[in-house]
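An overview of the molecular structure
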Amino acid sequence: MPQNYFQKEIETMSAEEMKKLQSEKLVKQVKHVYENVPYYKNLMDEKGVKPEDIKGIDDLHKLPFLTKADLRDAYPYGLLAKPLKDCVRIHSTSGTTGRRVVAFYTQKDIDLWDDCCARAIVAAGGSNEDVCQVAYGYGLFTGGFGLNGGSQKVGCLTLPMSSGNTERQIQFMTDLSATILCCTPSYAAYIGETLKEQGYKPEDIPLKAGIFGAEPWTEEMRQGIQNTLGIKAYDIYGLTETTGPGVAFECSEQTGMHVNEDHFYAEIIDPDTGEVLPEGSKGELVFTSLDKEAFPLLRYRTRDICVLSREKCSCGRTLVKMAKPMGRTDDMLIIRGVNVFPSQIEAVLLKEGYEPNYQIIVDRVNNNDTFEVNVEMTADKFTDKVSDILAMEKSLANAMKIMLGINPAVHLVAPKSIARSEGKAVRVIDKRKLI
Ligand code: ADP
Ligand code: ZN
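Rules used in this analysis
- Residues numbered from 1 in each chain as written.
- Chains lettered and ligands numbered in written order.
- Predicted model: local features only at pLDDT ≥ 70, side-chain atom pairs only at ≥ 80, totals over all residues.
- Heavy atoms only, no water.
- Helix = DSSP H or I, 4+ residues; strand = E, 2+ residues; numbered from the N terminus.
- Expected span 1.5 Å × (residues − 1).
- Buried < 20%, exposed > 50% of the residue type's maximum accessible area, 1.4 Å probe, protein only.
- Near = heavy atom within 4 Å.
- Polar contact = N/O pair within 3.5 Å; in protein donor to acceptor, adjacent residues only side chain to side chain.
- Areas by Shrake-Rupley, 256 points an atom, 1.4 Å probe, with all protein chains shown as cover.
- Nonpolar A, V, L, I, M, F, W, Y, C, P; charged D, E, K, R; others polar.
- Donors = N, O, S within 2.8 Å, 3.2 Å for Na, K, Ca; no water.
- Tetrahedral: all angles 85-135°; square planar, octahedral: opposite > 155°, others 65-115°.
- Pairing = 2+ DSSP bridges.
- Contact = heavy atoms within 4.5 Å.
- Axes fitted to C-alpha atoms, helices over the stretch in contact; angles between N-to-C directions.
- 1 Å grid on protein atoms, 1.4 Å probe; cavity = no way out; pocket = protein on both sides within 12 Å on 5 of 7 lines; lining within 4 Å.
- Points joined across faces, edges and corners; volume = space filled by probe spheres on them.
- Phe/Tyr/Trp six-rings, centres within 6.5 Å; stacked < 30°, edge-to-face > 60°.
- Lys NZ or Arg CZ within 6 Å of the ring centre and 35° of its normal.
- Core = buried A, V, L, I, M, F, W, Y, C linked by side-chain atoms within 4.5 Å.

Focus on helix α5 (residues 107–123)
Spanning 17 residues, α5 covers 24 Å between terminal C-alpha atoms, matching the ideal 24 Å at 1.5 Å per step. Among the 17 residues in α5, 14 count as buried, and that is most of the element. Gly125 occupies a position one or two residues after α5 and carries a positive phi of about 95°.

Concerning the site of ligand 1
Near ligand 1 you find 19 residues, and of these Thr142, Asp235, Ile236, Thr240 and Asp304 are the closest. Between a nitrogen atom of ligand 1 and a side-chain N or O atom of Asp235, the distance comes to 2.8 Å. In the model, an oxygen atom of ligand 1 is placed 3.1 Å from a nitrogen or oxygen of the Asn339 side chain. Here ligand 1 has 550 Å² of accessible area as a free molecule, and 96% of this is covered by the chains. Looking at which element gives the most residues to the shell around ligand 1, the answer is strand β7 (residues 232–239), with five residues. Here the residues of the shell around ligand 1 are counted per class, giving eight nonpolar, six polar and five charged.

Some words on the coordination of the zinc ion (ligand 2)
Only Cys251 (SG), His258 (NE2), Cys313 (SG) and Cys315 (SG) from the protein coordinate the zinc ion (ligand 2), and they sit 2.1 to 2.2 Å from it. For the zinc ion (ligand 2), the four donor atoms in the first shell make angles of 102 to 113° at the metal, a pattern classed as tetrahedral. Each donor residue of the zinc ion (ligand 2) lies on one chain, and together they are spaced C-x6-H-x54-C-x1-C. Taken as a pair, Cys251 in the loop between β8 (244–250) and β9 (257–259) and Cys313 in the loop between β13 (308–309) and β14 (321–322) lie far apart in primary sequence, 62 residues in all. The two residues Cys251 and Cys313 agree in class, both being buried.

Re the sheet that holds strand β4 (residues 157–160)
Reading across from one edge, β4-β3-β5-β6-β7-β8-β9-β14-β13 is the order of the nine strands in this open sheet, with mixed pairing throughout. Each of the sheet's edge strands pairs with one partner strand only, and the pair in question is β4 and β13. When strand β5 (residues 180–183) meets strand β6 (residues 209–213), the two strands line up parallel, connected through four bridges. Considered in β6, the bridge of Cys182 is made with Ile211. Of the strands in this sheet, β5 and β6 touch helix α8 (residues 185–197), which is tilted by about 130° from β5. Contacts from helix α9 (residues 219–229) reach β5, β6, β7 and β8, with the element oriented near 130° to β7.

Quick notes on the layout of surface pockets
Using a probe with the size of a water molecule, rolled over the atoms, empty space left in the structure can be pinpointed. Space inside the second largest pocket adds up to approximately 300 Å³. Lining the second largest pocket are 18 residues, and of these Tyr265, Ala266, Glu267, Val276 and Leu277 sit closest to its centre. Take the lining of the second largest pocket: its biggest share by element is four residues, from strand β10 (residues 264–269). Residue classes in the lining of the second largest pocket are distributed as 10 nonpolar, three polar and five charged.

Comments concerning empty space enclosed by the protein
Applying the stated criterion across every chain yields a total of three cavities of 30 Å³ or more. By volume, the largest cavity amounts to about 70 Å³. Taken together, Leu71, Ala74, Tyr75, Pro76, Leu79, Arg100, Val101, Val102 and Phe295 make up the full set of residues lining the largest cavity. Of the residues assigned to the lining of the largest cavity, the class counts are eight nonpolar, no polar and one charged.

What to know about unusual backbone geometry
Of the consecutive residues Tyr75 and Pro76, the connecting peptide bond is found in the cis state with omega at -5°. One can find Pro76 in the loop between α4 (68–74) and β1 (87–92). Backbone geometry at Arg299 places phi at a positive 50°, although glycine is not the residue there. In this fold, Arg299 is placed in the loop between β11 (283–289) and β12 (300–306).

Points about the side chain of Asp235
Mapped onto the elements of the fold, Asp235 is located in strand β7. At 2.9 Å, the side chain of Asp235 forms a polar contact with the side chain of Trp217. Only 2.9 Å separates the side chain of Asp235 from the side chain of Lys324, close enough to count as a polar contact. With residues up to four places along the chain from it excluded, the contact list for Asp235 reads Phe212, Gly213, Trp217, Arg222, Phe249, Glu250, Met257 and Lys324.

Regarding the packing of aromatic side chains
Working definition: an aromatic ring pair is given by the centre-to-centre distance plus the angle between the planes. Taken as a whole and judged by the stated rule, the model has eight aromatic pairs. Here Tyr105 and Trp113 contribute two aromatic rings whose centre-to-centre distance is 5.2 Å and whose plane-to-plane angle is 20°, an arrangement assigned as stacked. The residues Tyr105 and Trp113 share a single accessibility class, namely buried. Seen from their ring centres, Tyr187 and Tyr190 are 6.3 Å apart, and the 20° between their planes marks the pair as stacked. Here the residue Tyr187 and the residue Tyr190 both occupy positions in helix α8, the gap between them amounting to three residues, near one helical turn. Classification of Tyr187 by relative accessible area gives buried; the value is 13%. Owing to a relative accessible area of 31%, Tyr190 belongs among the partly exposed residues under this scheme. Stacked on the ring of Phe65, the Lys or Arg Arg301 has its end atom at 5.4 Å from the ring centre.

Thoughts on the nonpolar core
Judged by nonpolar contacts, the single largest core of 75 residues is most densely connected at Tyr40, Leu63, Leu147, Tyr237, Leu285, Phe287 and Met322. The element that contributes the greatest number of residues to this core is α5, accounting for 10 residues. What Leu147 contacts, discounting residues up to four positions off in sequence, is Cys117, Ile121, Val134, Tyr136, Cys182, Ile211, Ile236 and Pro245. Membership of the second largest hydrophobic core comes to 26 residues, among which are Ile335, Val338, Val348 and Ala399.

Structure below.
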């Protein structure tokens, strides 16, 4: 299969040249951060590291890590490295103020991000001949704008659909002959099922490729989507802290994702000791933004468990490959593409006058995530009047929707009916078996 690249010189660069490029960028970046981000300067000072100590990638391990807790402490401007007048956009993940991540972008940062997504689209066979339907959510979530930017860079005719309204998605897809679909894998599967129900066969569907990410998905799910839509389905990975989707993308080999390592340097560390592990080891994925201007995180711990590989890839790209993330070191769930922490549910319950006795049950039915929260009724709220119970459930569900951005089905259950555990409470029952 002939290979196309969006930025061939970078995507197929030799290991030595890449290391040289990364080293040059890192030296500059550390200086930029040290001079402009007092929060990180303090971390470096505490560790006794000065910008002059970082002469290249081999010195990266000397730098301190950043974690989600740092993002919380520094919220909202503490990690900003450019004056706000130089920033043109923000994106954010859902969450409480405690968990919220706000990322800032200069125009150069957006250009760099668009390039990353463009590489993913071209690797999936995209060109200016394609019609690219972007069905990730637009807004604070990075998915929609990220792929939109990449699609326009490639020169595809871009359909900025955003997520939802499946009937309209199908109408545009068929009327305008969309050839590439970008969305979460669960939404792709749902669109596929809907098309099937409407009598479409894979050969009637104009799509040839899909770029799906922002949540974990299995090989089986990939096969299912490929079969119903009659396409090749490519994985894409990213996180708001680094930019959004496009940090890593899959090529025709479909065996892991090439990291755009000229922009994001990847390390695997032991999550307990912080020690950098050799290639091929399983551990926590850590990213360093080598050239982002406004929100350049150095050694950011993603909490994703992963493996890196430098094995030669048949696509000709030399960019290091990351496996599909194999789990998380924290309790974050991804439900319908949205990050959900059990602590957020707890915060809502306490605010609404309930005890934090609850259980989250997540499943996948017809490729759609179901999201239920069982909550114990408190003695003072107890009633057996069904209409009152329904109203209380509805009001709790609304409060959770405001906090999380997605709607759970809330069930109030009798006081003391949720099993107490002796050790750590079982707050989450995830039946989706995604890993
Ligand atoms: P995004 O806007 O890209 O979804 P978030 O910051 O909301 O970013 O969520 C990032 C997290 O989503 C990652 O740390 C990872 O756990 C998960 N994620 C993103 N892409 C994938 C993927 N392709 N496969 C598995 N998990 C993914
Ligand atoms: Zn490859």
